Amino acid sequence: MDKYLICGLGNPGHEYEGTRHNTGFMVLDAFAKASNIVFEDKRYGFIAETTIKGRKIILLKPTTFMNLSGNAVRYWLNKENIDQSRLLVISDDVALPLGAFRLKGNGSNGGHNGLGHIQQLIGQNYARLRMGVGNDYPRGGQIDWVLGHYSENDMKVLQPSIDLGVDIIKSFVLAGLDITMNQFNKLGKK
């Protein structure tokens, strides 16, 4: 059975729920809810599993905190013997407007510490879905911004993109990266 690792980046703990930095967790939570599966506390992360058309999907929400996300990703890739071409990492991105998103097959970490740590450990050749959180903060205020909570109005803008994130995961698993990028990236421009 083909296996896929879908990793949403974020920080564990109630104080981080609903923060911009936990947007990756929010997409995985939406996928788990839509798939009627629950996360279990396992090594380096919360794990949920399901299958779609004979393909096994492992959802990973690392408990390593953002800056050490690569430890969880590398562990679960190795433990489950999953090829890097079947890894999708979902992260927040201050370079994209709120509600925008972009799916890519590789690239730099764009200054994102979670992506940076993954890149240190496994390289940069893996798919990533960058979810825009905007950058409406003063110079030097990026940390407070990404650790800040979404407002109700923010969520009205973001929720449709989270819902599309669920569809993007399914398409990535069933149709592959290139078809998924062609189908969805045009929908992610704001």
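Residues numbered from 1 in each chain as written. Predicted model: local features only at pLDDT ≥ 70, side-chain atom pairs only at ≥ 80, totals over all residues. Heavy atoms only, no water.

1. Quick word on the layout of surface pockets
Working step 1: Taken as a whole, the largest pocket spans an internal volume of roughly 430 Å³.
Working step 2: Put simply, the parts of the chain that give the lining of the largest pocket at least two residues each are strand E5 (87-93), helix H3 (113-122), strand E7 (127-132) and helix H4 (142-146).
Working step 3: Here the lining of the largest pocket takes three residues from H4, the largest share from any one element.
Working step 4: Taken as a whole, the second largest pocket holds about 200 Å³ of empty space.
Working step 5: Along the walls of the second largest pocket sit Asn11, Pro12, Gly13, Tyr16, Glu17, Gly18, Asn22, Phe25, Met26, Asp29, Phe46 and Lys61, which together make up its complete lining.
Working step 6: In terms of residues, the lining of the second largest pocket owes the most to one element, helix H1 (residues 23-35), which gives three residues.
Working step 7: In terms of residue class, the lining of the second largest pocket is made up of five nonpolar, four polar and three charged. (1 Å grid on protein atoms, 1.4 Å probe; cavity = no way out; pocket = protein on both sides within 12 Å on 5 of 7 lines; lining within 4 Å. Points joined across faces, edges and corners; volume = space filled by probe spheres on them. Helix = DSSP H or I, 4+ residues; strand = E, 2+ residues; numbered from the N terminus. Nonpolar A, V, L, I, M, F, W, Y, C, P; charged D, E, K, R; others polar.)

2. Regarding the sheet that holds E7
Working step 1: As summarised here, the arrangement of the seven strands in space is E2-E3-E4-E1-E5-E7-E6, forming an open sheet in which the pairing is mixed. The open sheet terminates on both sides in strands that have one partner only, identified here as strand E2 (40-42) and strand E6 (101-104). Strand-to-strand twist in this sheet, taken as the mean axis angle between neighbours without regard to direction, amounts to 25°.
Working step 2: As paired elements, strand E1 (residues 3-8) and strand E4 (residues 55-62) share five bridges and run parallel to each other. Within E4, the residue paired with Tyr4 across the bridge is Ile57. (Pairing = 2+ DSSP bridges. Axes fitted to C-alpha atoms, helices over the stretch in contact; angles between N-to-C directions.)

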